[in-house]
Amino acid sequence: MALWLSLPSGNGLRNRLPLPLPCHWRASQIPLRLFSPCQTSNRKFHFILSCAMSGGVESHLPEEANKFLKSLAVQWGDIPDPEALEVTRLNGAMTNKVYQIKWRTDSNRGGSRKALVRIYGAGVEVFFKREDEIRTFEFMSEQGRGPPLLGHFPNGRIEEFIRARTLTAADLRDPEISALIATKMKEFHGLDMPGSKAVVLWDRLRNWLKKAKQLSPVKEAEEFSLKFLEDEISALEENLSACHQLVGFCHNDLQYGNLMINDESRLITIIDYEYASYNHVAFDIANHFCEMAADYHTKTPHVLDYSQYPNDLSSDSEVKKLLQAVEKYTLASHLVWGLWGIISDHVNKIDFDYKEYARQRFQRYWATKSELLELSKTYSYL
């Protein structure tokens, strides 16, 4: 098998040059792409290869990921032993498994290179299409707005390691950091993402409700009043459609684990785009505000504390109009993640009390619905 170096040519075509690939191959081939973020004459180039799928596991990683990483280390050229990779499991991801990969370089100063491996979680295909998430990640990488993509394999991908830390629950309530997040969200919402620009919220809710009904036993369906939710979704959609709503490209899951900050440059990076799509901007903000009630790194990570929900401190009339719309969209957020919790309880084996999390989101929906929708009748958003 050959490793092909693909270089852009002046006429827009690509010149392909074969390189040796020091890797053991099996007859059954599964496509795998490797992108090496190098510069040659100020032109970016990438490597494309085919890698065999094998069933072994080394250092908690699938064998295809190990082969991928070692091939990447060879191409970097400054790693004396590509086999000597250090693997560290990182906390913070809810459904994926994330690992830091580290190699020592031949630098006299004890340098190192790092990459990040993300292994996709099982069962999440009921929530989104993986090809859409990969397409979004590639776009964000190409635009320099997210972690550079080094490559992907059948059940995961390799990312460049960001010199930043993941935010904590407390960070979301830091006024300075919150302002940085707001600026980054506005940039995100203004992205011109290729593909459909249709709002996904209402179809997503109906699709997830259908799946939740399929998975839930009769008693559970009654407990969560699933038979009434179709009418709730329709009524909420009609109510919110009366508002003037800005549509943009939204993350739709902006919890603190999907935000990173470089403490020196104060640069915020938004990561993990599984649920990203065009949507109502007010929903994205509402969802982010709801996440302030969560701390997923406690002994009871499923427990929500809505006393941490942000207060309205703005006196600007335009901001107040937006915040009124945001408040209403918290209802949609509760339905989305309530249904997510029910489905996840049946398809995900992660040690998290999904059902109790769903119960809290639905309880919040029913507790605030009347007040928020009654408030909307006396307030004009136009």
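Computed from a predicted structure; not experimentally measured.

Novice: Please explain unusual backbone geometry as it appears in this structure.
Specialist: Both trends apply: most residues other than glycine have a negative phi, and most peptide bonds are in trans. The phi dihedral of Asn 252 falls on the positive side, at around 70 degrees, and the residue is not glycine. Along the chain, Asn 252 turns up in the loop between strand E13 (247–250) and strand E14 (259–262). Its identity is not glycine, yet Asp 272 carries a phi of approximately 60 degrees, on the positive side. Here Asp 272 is to be found in the loop between strand E15 (267–270) and strand E16 (277–280).

Novice: Can you walk me through the sheet that holds E14 in this structure?
Specialist: Two orientations exist for strands paired in a sheet by backbone hydrogen bonds: parallel and antiparallel. Across the sheet, three strands lie side by side as E12-E14-E15; this open sheet has antiparallel pairing. Each edge of the open sheet carries a strand with a single partner, namely strand E12 (165–166) and E15. Bridge count for E14 against E15 is four bridges, and the pairing is antiparallel. Directly across from Ile 261, in E15, lies its bridge partner Ile 268. The strands touched by helix H3 (residues 175–189) within the sheet are E12, E14 and E15, with E15 carrying the most contacts at an inclination of about 50 degrees.

Novice: What should I look at first to understand the pattern of salt bridges in this one?
Specialist: Pairing between side chains of opposite charge can happen when the charged atoms of each approach one another. Scanning all chains against the criterion turns up 21 salt bridges. For the salt bridge of Lys 184 with Glu 187, the shortest nitrogen-to-oxygen distance reads 3.2 Å. Of the two residues, Lys 184 and Glu 187 both sit in helix H3, three residues apart, roughly one turn of that helix. Between Lys 355 and Glu 220 there is a salt bridge whose closest N-O contact spans 2.8 Å. Taken together, the positions of Lys 355 in helix H9 (residues 354–377) and Glu 220 in helix H5 (residues 218–223) put the pair 135 residues apart, joining distant regions of the chain. Since its relative accessible area comes to 26%, Lys 355 is described here as partly exposed. The class of Glu 220 is buried, set by a relative accessible area of 7%. Connected through salt bridges with shared partners, the residues Arg 165, Asp 171, Glu 176, Asp 263 and Arg 266 form a single ionic network.

Novice: Just to check I follow, could you spell out the environment of Ile 261 for this structure?
Specialist: Along the chain, the position of Ile 261 falls in strand E14. In sequence terms Ile 261 and Ile 177 are 84 residues apart; their C-alpha atoms lie 8.8 Å from each other.

Novice: Would you explain the side chain of Glu 159 in this entry?
Specialist: Turning to its location among the elements, Glu 159 is positioned in strand E11 (residues 156–160). A distance of 2.9 Å separates a polar atom in the side chain of Glu 159 from a polar atom in the side chain of Arg 118. Here the side chain of Glu 159 touches Arg 157 through a polar contact of 2.8 Å, side chain to side chain. Sequence-distant contacts of Glu 159, that is, excluding residues within four places in its chain, are made with Ala 115, Leu 116, Arg 118, Phe 137, Pro 147, Pro 148 and Leu 150.

Novice: Is there a simple way to think about the packing of aromatic side chains in this case?
Specialist: The relative placement of two aromatic rings is captured by the distance of their centres and the angle of their planes. Enumeration over the complete set of coordinates arrives at 18 aromatic pairs. Judged by centre distance (5.7 Å) and plane angle (55 degrees), the rings of Phe 224 and Phe 362 are tilted. Placement of the pair is Phe 224 in the loop between H5 and helix H6 (226–241) and Phe 362 in helix H9, with a sequence separation of 138 residues. This pair shows no difference in class: Phe 224 is buried, exactly as Phe 362 is.

Cut-offs applied
- Residues numbered from 1 in each chain as written.
- Predicted model: local features only at pLDDT ≥ 70, side-chain atom pairs only at ≥ 80, totals over all residues.
- Heavy atoms only, no water.
- Helix = DSSP H or I, 4+ residues; strand = E, 2+ residues; numbered from the N terminus.
- Pairing = 2+ DSSP bridges.
- Contact = heavy atoms within 4.5 Å.
- Axes fitted to C-alpha atoms, helices over the stretch in contact; angles between N-to-C directions.
- Salt bridge = Lys/Arg side-chain N within 4 Å of Asp/Glu carboxyl O.
- Buried < 20%, exposed > 50% of the residue type's maximum accessible area, 1.4 Å probe, protein only.
- Polar contact = N/O pair within 3.5 Å; in protein donor to acceptor, adjacent residues only side chain to side chain.
- Phe/Tyr/Trp six-rings, centres within 6.5 Å; stacked < 30°, edge-to-face > 60°.

None of the figures reported here should be taken as evidence of function without further support.
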